[in-house]
Amino acid sequence: MIATRSLFFSRLTSSINPTKELYSQNIHSGPVTALAHSTMTSIIATGSNDKFIKIFKYDTETLTQIVAYAAHTKEIQCLKYSKRDQYLVSGSSDKTAKL
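Residues numbered from 1 in each chain as written. Predicted model: local features only at pLDDT ≥ 70, side-chain atom pairs only at ≥ 80, totals over all residues. Heavy atoms only, no water.

Enquirer: Would you take a moment to explain the layout of surface pockets for this structure?
Expert: Unfilled space is identified by rolling a water-sized probe across the atoms. Counted as a void, the largest pocket has a volume near 180 Å³. Lining the largest pocket we find I53, I55, I66, V67, Y69, A71, Y81, L88, V89, S90, K98 and L99. Listing elements by their share of the lining of the largest pocket, those giving two or more residues are strand 3 (52-58), strand 4 (63-70) and strand 6 (88-92). Partitioning the lining of the largest pocket into residue classes produces 10 nonpolar, one polar and one charged. (1 Å grid on protein atoms, 1.4 Å probe; cavity = no way out; pocket = protein on both sides within 12 Å on 5 of 7 lines; lining within 4 Å. Points joined across faces, edges and corners; volume = space filled by probe spheres on them. Helix = DSSP H or I, 4+ residues; strand = E, 2+ residues; numbered from the N terminus. Nonpolar A, V, L, I, M, F, W, Y, C, P; charged D, E, K, R; others polar.)

If you want it as structure tokens, here you go:
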């Protein structure tokens, strides 16, 4: 049974195509703990244990920070855009959610 699982796993992983890394930047002073992608535009939001939410616009060549918010008093744990990107909701270990 173990050999069968290993064989299945190796077949599964061998069919995954590697992707090209577009960006690699230090964008926060701490580790990135949350990320949300806009549903309608080329915008991402990142959150970190540095308590900041940062919004970036990207294309195939550049990643540009639009704005940074000192959003919470503790680590940002989750980010989510609304369906039409009208709102960004953040959750934090400071026991708050902000819209």
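The discussion continues.
Enquirer: In this structure, what is going on with the nonpolar core? I would like to understand it.
Expert: Here is a general trend for soluble globular proteins: nonpolar side chains tend to be buried in one another's company. Listed in full, the 11 residues of the largest apolar core are A34, A36, I43, A45, I53, I55, A71, I76, L79, Y81 and L88. For this core, the secondary structure elements donating two or more residues are strand 1 (32-37), strand 2 (43-48), strand 3 and strand 5 (76-81). Among the elements that line this core, the one with the most residues is strand 5, at three residues. Apart from residues no more than four positions distant in its own chain, A45 is found in contact with A34, L35, A36, K54, I55, L79, Y81 and L88. (Core = buried A, V, L, I, M, F, W, Y, C linked by side-chain atoms within 4.5 Å. Buried < 20%, exposed > 50% of the residue type's maximum accessible area, 1.4 Å probe, protein only. Contact = heavy atoms within 4.5 Å.)

Enquirer: Before we go on, may I ask you to explain the confidence of the model for the chain in this structure?
Expert: Any residue range with low pLDDT should be treated as having predicted coordinates unsuitable for detailed reading. Chain-level pLDDT for the chain is 82 on average; 77% of the residues reach the 70-or-more range. Counted against residues more than four places away or in other chains, residues 1-12, with its pLDDT under 50, gives zero contacts. (pLDDT = per-residue confidence, 0-100.)

Enquirer: What is the right way to read the sheet that holds strand 1 from this model?
Expert: The strands making up a sheet are joined through hydrogen bonds of the backbone, oriented either antiparallel or parallel. The sheet built from four strands is open, its strands ordered 1-2-3-4 with antiparallel pairing. A single partner strand is all that each edge strand has here, and the edge strands are strand 1 and strand 4. Within the sheet, the average angular offset between the axes of one strand and its neighbour, ignoring direction, is 20°. Alignment of strand 2 against strand 3, held across five bridges, turns out to be antiparallel. Paired with I43 across the bridge in strand 3 is K57. (Pairing = 2+ DSSP bridges. Axes fitted to C-alpha atoms, helices over the stretch in contact; angles between N-to-C directions.)

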